[in-house]
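Spelled out from the first residue to the last, the chains are:
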Amino acid sequence: MPRPPNYEFQEWWNQQRDKNHDLLQDNDAFLTVQIRSPTSDPTVGKEVRSRSARQISWIYLLKFQQIANSLAWITNSFIFLLRTANRRIHSSESAPSDSPHSKLYRVIKFFLFLVILLLCFELLAFFKGWHFSPPSVGSAELMVELLYAKWLQIRADYLAPPLQSLANMCIVLFLIQSVDRVLLVLGCAWIKLRRLKPTATAVGDVEGGNVEDYPMVLLQIPMCNEREVYAQSIASVCIQDWPRERMLVQILDDSDELEVQLLIKAEVQKWQQRGVRILYRHRLIRTGYKAGNLKSAMGCDYVKDYEFVAIFDADFQPAADFLKKTIPYFKGNDDLALVQTRWTFVNKDENLLTRLQNINLAFHFEVEQQVNGVFINFFGFNGTAGVWRIKALEDCGGWLERTTVEDMDIAVRAHLCGWKFIYLNDVKCYCELPESYEAYKKQQYRWHSGPMQLFRLCFVDILRSKVSWTKKANLIFLFFLLRKLVLPFYSFTLFCIILPLTMFIPEAELPAWVVSYVPGIMSVLSILPAPRSFPFIVPYLLFENTMSVTKFNAMISGLFRLGSSYEWIVTKKLGRSSEADLVAFAEKESDPLIETTTSSLHRSNSESGIDELSKLEGTKKTGIRTRNRLYRMELALAFILLTASVRSLLSAQGIHFYFLLFQGITFLIVGLDLIGEQVS
């Protein structure tokens, strides 16, 4: 049925249409008069034109004011940026590898000036069209054209050949190191396939009811100003499922802060009252750093009553059954010196920096340590989460203070004396990763300068030792040269120096497979032990190249005794490995003894003053603002790579451009301290 017509709406619509029609007629009449007789009233035209002129002048004045304000804002922002950068640089304590007096930093600054000058020259040549028809020395008419022709001749005859030779040498080293990494991955796959792992010959001997069957074990925790993590490390060691009369805990404190000393003493006294045999030792002078601390502790008279010593850094939390899972491997193996366990990290997902560190360390423990332990029976001691036979320590000379990698030093000397090592990949010890780039950079500087110090000192001892030539070759060529010297050398030289130079000297070429394909394959292999980290494979590749400048500088400093290569800086920890993590881990275990000790630990939190310390730290964190730093070398290399990427556009080099662009952006992000936590 059709709807009835709406007469009210129709009437309203007709009225509105009549009004609009009358209005349009008036407008048409007005427009007609204006168009047909624009000069009918001269005064009106002048007034309209004068108003238009004034409006235009006001518009231009307003635009000029906006432009002036924009320029003033840009100028003020640039000045503020320079002042902020200058303040950050001068107000921050420079890292050992980032000192303004660093020789490497001076070389990088000169290199930056050179590439910027070359880029300006190449841009001028591009706009002149000389890239398409290069001028010769004889046909050059202008002075600039003559200079460009001379530059083409010099770079083709004198600069390209040595650069190409250096690039070829680095490519060979890159391929050798890549083959070594592939063999390590294949060895790890063989271990997984064949299920090869060390076996304890007498596991049941230490689980019987006779206390005398348990060997005497010394547990050491060296620390220095470890305010954030001392409590849980002491607690996790004191609750070991081991007869208390058969173990002794040594707290080796090198702290120079009185408040920290008092807190650690109070924590030790609390555990003494619970019947734990624990001692507090403090050195007034921190000579020899960690090596001097351990050497001093091993010099005590009562150490001769103990057979084994377990060492834990201040941020490590061994499980309650750590000793029961490691000590049995010594039974029946009189030539076994060390049992090393794997690290696992409580804060590996805290930020991008910790995720990238986890990839690196997962490959180190899952692949390198395990393969070397199974096939070579030697690997570098990681300095913590390991158990030593005290007789082996004494036999190889004990702890020495000659390097900043005392753990690697004593492992090499024990290996040269004929002792064997075992690595347990299934036994994990919780610890913490550095969350700020500053802390990570200082840690990596020490880890890469120390091996070169040690290589200088023990090279002759390796040649004179009585071990087989295969073990000598493994120590010299694989352990030291390939993995500690060649890797940082070619990584920095190839991707941070040679690649940018080939953009300005195109006669020397770097193949695309060297720039992208082989590094991509190596990154995939490196990330296999941490499969959850596959989304971070590209940031991992770029960040590893970024860290190459720190590792290269540390390697050179340690090899030639430059700068502060013998300085030990304690890695800053934030206390992420809290007691809650320890309790949560222990509750997963089925051992009732572990649950009992864990519950007693949980009840004793308020008694030991940890709650008060947590409140104090909370107020400090809320009251202190974090700040970024600027890292000179990273920023200089960022500008070098970005400048080279602009030059690569002129040559239409696709893969090289993208690599230089993203690598330059990564250097820029790291140089501005935009990765990880900021320093407080």
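Here the residue numbers are simple positions, counted from 1 along each chain's written sequence. It should be noted that, the model being predicted, local features are given only for residues of pLDDT at least 70 and side-chain atom pairs only at 80 or more, the latter also being counted only at that level, while totals for whole chains, interfaces and linings use all residues. Hydrogens are left out, water is left out, and the side-chain values use all remaining heavy atoms of the structure.

### Here we look at the overall build of the protein
Here's step 1: Secondary structure elements are defined from DSSP: runs of H or I of at least 4 residues count as helices, runs of E of at least 2 residues count as strands, and each element is numbered from the N terminus. Each helix and strand counted, the protein has 20 helices and seven strands in total.
Here's step 2: Each residue is assigned to one of three classes by its accessible area relative to the maximum for its type, calculated with a 1.4 Å probe on protein chains only: buried under 20%, partly exposed between the two thresholds, exposed over 50%. For the protein, buried positions account for 50% of its 680 residues.
Here's step 3: In this description, contact between two residues means that some pair of their heavy atoms is separated by no more than 4.5 Å. Contacts in the protein between residues at least 24 apart in sequence constitute 81% of all its contacts with a sequence separation of at least 6.
Here's step 4: Using a 1.4 Å probe, accessible areas were evaluated by the Shrake-Rupley method; residue-level cover was limited to the displayed protein chains. A total of about 34,100 Å² of accessible surface is found on the protein, and carbon and sulfur atoms cover 60% of it.

### A word on the confidence of the model for the protein
Here's step 1: Taken over all residues, the pLDDT of the protein has a mean of 83, while the share at 70 or more is 78%.
Here's step 2: Low confidence marks residues 43-49, where pLDDT is under 50. Its contacts with residues over four positions away, or in another chain, come to zero contacts.
Here's step 3: The pLDDT value expresses, per residue, how confident the predictor is, ranging between 0 and 100. Contacts from residues 578-624, a stretch scored under 50 in pLDDT, to residues over four places away or in other chains number 51 contacts.

### Describing the sheet that holds strand β1 (residues 217-223)
Here's step 1: Any two strands are treated as partners once DSSP identifies two or more bridges connecting them. The mixed open sheet is built from seven strands, whose spatial order is β3-β2-β1-β4-β6-β5-β7. Strands at the two margins of the open sheet, each flanked by one partner only, are β3 (278-282) and β7 (420-431). Averaged over all adjacent pairs, the angle separating strand axes in this sheet is 20°, with direction ignored.
Here's step 2: When strand β2 (residues 247-253) meets β3, the two strands line up parallel, connected through five bridges. Each axis is a line fitted through C-alpha atoms, taken for helices only over the stretch in contact, and angles between the N-to-C directions span 0 to 180 degrees.

### Remarks on the side chain of Q240
Here's step 1: Residue position: Q240 is located in the loop between α5 (230-238) and β2.
Here's step 2: On the accessibility criterion, Q240 (5% relative accessible area) is buried.
Here's step 3: Under this definition, polar contacts are N or O atom pairs within 3.5 Å; protein pairs additionally need one hydrogen-donor-capable and one acceptor-capable atom, and for neighbouring residues in sequence, both atoms have to be side-chain atoms. A polar contact is formed between the side chain of Q240 and the backbone nitrogen of F322, at a distance of 3.5 Å.
Here's step 4: Those residues in contact with Q240 that lie beyond four places of it in its chain are L219, M247, P318, A319, A320, D321, F322 and L323.

### Describing the UniProt feature "transmembrane region" (unreviewed entry) in the protein
Here's step 1: The UniProt record annotates "transmembrane region" (unreviewed entry) at residues 107-127, 166-191, 475-504, 630-649 and 655-675.
Here's step 2: A distance of 31 Å separates the end C-alpha atoms of residues 107-127, which is 100% helix and 0% strand.
Here's step 3: Annotation note: span residues 655-675, helix share 81%, strand share 0%, distance between end C-alpha atoms 26 Å. UniProt positions are given in the numbering used here, feature names are shortened, and annotations may be inferred rather than shown by experiment.

### Some points on the pattern of salt bridges
Here's step 1: Whenever a carboxyl oxygen of Asp or Glu lies within 4 Å of a side-chain nitrogen of Lys or Arg, that contact is scored as a salt bridge. One pass over the full model with this rule turns up 25 salt bridges.
Here's step 2: Residues K197 and D426 are paired through a salt bridge, measuring 2.8 Å at the closest nitrogen-oxygen approach. Of this pair, K197 sits in the loop between α4 (143-194) and β1 while D426 sits in strand β7, and the two are 229 residues apart along the sequence. Comparing K197 with D426 shows no difference in burial state: the two are exposed.
Here's step 3: With a shortest N-O distance of 3.3 Å, K551 and E544 are connected by a salt bridge.
Here's step 4: Taking the relative accessible area as the measure of exposure, E544 reaches 16% and is therefore buried.
Here's step 5: It is possible to trace a salt-bridge network through shared partners that takes in E122, R155, E507 and R647.

### Remarks on the packing of aromatic side chains
Here's step 1: Two rings belonging to Phe, Tyr or Trp (six-membered ring only in the last case) form a pair when the distance between their centres is within 6.5 Å. Interplanar angles under 30 degrees mark stacking, angles over 60 mark edge-to-face geometry, and anything in between is tilted. If you walk through the whole model with that rule in mind, you get 24 aromatic pairs.
Here's step 2: Look at F126 and F127: their rings are 5.9 Å apart centre to centre, the planes differ by 75°, and that puts the pair in the edge-to-face class.
Here's step 3: Ring centres of Y440 and F543 lie 6.1 Å apart, and the angle between their planes is 25°; on these two criteria the pair is classed as stacked. Here the residue Y440 occupies a position in helix α12 (residues 437-464), and F543 occupies one in helix α15 (residues 537-560), the gap between them amounting to 103 residues.
Here's step 4: An aromatic cluster of at least three residues, connected via ring pairs, comprises F378, F379, F381, W388, F421, Y423, F455, F459, F479 and F480.

### A closer look at helix α7 (residues 289-298)
Here's step 1: Where burial is concerned, most of α7 is hidden: seven out of the ten residues are buried.
Here's step 2: Of all the positions in α7, only K290, A291, G292, N293, L294, A297 and M298 are classed as buried.
Here's step 3: For α7, the secondary structure elements touched by its buried residues are β1, β2, β3, β4 (308-311), α10 (390-395) and α11 (406-416).

### Focus: the nonpolar core
Here's step 1: Put simply, buried Ala, Val, Leu, Ile, Met, Phe, Trp, Tyr and Cys residues joined by side-chain atoms within 4.5 Å make one nonpolar core. Core analysis: the largest hydrophobic core is formed by 89 residues, its most contacted members being W388 and V412.
Here's step 2: Per-element tally for this core: the top contributor is β7, with seven residues.
Here's step 3: Contact partners of V412, with chain neighbours within four places excluded, come to F378, L454, C458, L475, F479 and F480.
Here's step 4: L482, L485, V515 and F667 belong to the second-largest nonpolar core, a separate cluster that totals 63 residues.

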